[in-house]
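Analysis of the macromolecular model
This is what each chain is made of:
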Amino acid sequence: MIGEENRVFQPNRLMGEVVGHTHYLPRHWRNLAHNQEVQAEFERMFQFKAGLFVQEMLSIFAAPFILWYPMCASAPQIVQFVRQFTVHR
């Protein structure tokens, strides 16, 4: 067994495991998983589950207000768009 004090931090190996699940690895990320810029970009793209949950919950309450107040004047155009591009089968 390997103790915690003897473990080696291998960011490129860990990034390889993530890539195996996401199938996404830009060229400028290769062999630079230890770089702060790569880490920041990765964190912007793949948010934490708690953050996503909060964002989804806020959108549930914010969407009706956005649709009601700022888009009220655009309602006829929205309805016309839906009517024109709805496919009936």
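Residues numbered from 1 in each chain as written. Predicted model: local features only at pLDDT ≥ 70, side-chain atom pairs only at ≥ 80, totals over all residues. Heavy atoms only, no water.

**Describing helix α3 (residues 49-68)**
Along its 20 residues, α3 runs 29 Å from first to last C-alpha, staying within 8% of the 28 Å computed at 1.5 Å per residue. The sharpest bend along α3 reaches about 35° and sits at A62, with the proline P64 one to four residues further on. (Helix = DSSP H or I, 4+ residues; strand = E, 2+ residues; numbered from the N terminus. Expected span 1.5 Å × (residues − 1). Bend = angle between axes of the 7 residues up to and from the residue.)

**Some thoughts on the layout of surface pockets**
Taken as a whole, the largest pocket spans an internal volume of roughly 210 Å³. Every residue along the wall of the largest pocket is listed here: F9, P11, L14, M15, V18, A33, Q39, F42 and E43. Looking at the lining of the largest pocket, the elements that each hand over two or more residues are α1 (11-22) and α2 (36-45). For the lining of the largest pocket, the element with the most residues is α1, which contributes 4 residues. Looking at the lining of the largest pocket residue by residue, the classes come out as 7 nonpolar, 1 polar and 1 charged. (1 Å grid on protein atoms, 1.4 Å probe; cavity = no way out; pocket = protein on both sides within 12 Å on 5 of 7 lines; lining within 4 Å. Points joined across faces, edges and corners; volume = space filled by probe spheres on them. Nonpolar A, V, L, I, M, F, W, Y, C, P; charged D, E, K, R; others polar.)

**Looking at the nonpolar core**
Membership of the largest hydrophobic core is limited to 5 residues, which are M15, V19, W29, A33 and V38. Those residues in contact with W29 that sit more than four places away from it in its chain are M15, Y24, V38, E41, F42 and M45. (Core = buried A, V, L, I, M, F, W, Y, C linked by side-chain atoms within 4.5 Å. Buried < 20%, exposed > 50% of the residue type's maximum accessible area, 1.4 Å probe, protein only. Contact = heavy atoms within 4.5 Å.)

**As for the confidence of the model for the protein**
With 92% of its residues at a pLDDT of 70 or more, the protein shows a mean pLDDT of 85. When mean pLDDT is taken per element in the protein, helix α4 (residues 75-85) scores highest with 91 and α3 scores lowest with 87. (pLDDT = per-residue confidence, 0-100.)

**Some words on unusual backbone geometry**
Backbone geometry follows two general trends: most residues other than glycine have a negative phi, and most peptide bonds adopt the trans configuration. Positive phi, close to 60°, is recorded for H23, a residue that is not glycine. Within the element layout of this structure, H23 appears in the loop between α1 and α2. Residue classification places H23 among the exposed residues on the basis of a relative accessible area of 68%. Phi is positive for N31, close to 60°, though the residue is something other than glycine. Structurally, N31 is set in the loop between α1 and α2.

**Section: a nonpolar patch on the surface**
A cluster of nonpolar side chains, namely F53, V54, M57, L58, I60 and F61, defines an oily patch on the protein surface of about 630 Å² accessible area. Turning to its location among the elements, L58 is positioned in helix α3. For L58, a relative accessible area of 56% corresponds to the exposed category. (Patch = residues over 30% accessible without salt bridge, like charges linked within 9 Å, V, L, I, M, F, W, Y side chains within 5 Å. Areas by Shrake-Rupley, 256 points an atom, 1.4 Å probe, with all protein chains shown as cover. Salt bridge = Lys/Arg side-chain N within 4 Å of Asp/Glu carboxyl O.)

**Remarks on the packing of aromatic side chains**
What the rule picks out here adds up to 4 aromatic pairs. Centre to centre, the rings of F81 and F85 are 4.8 Å apart; their planes meet at 40°, and the pair counts as tilted. With F81 and F85 both in helix α4, this residue pair falls 4 residues apart, about one helical turn. Put simply, the rings of Y24, W29 and F42 touch in pairs and so form one group of aromatic residues. (Phe/Tyr/Trp six-rings, centres within 6.5 Å; stacked < 30°, edge-to-face > 60°.)

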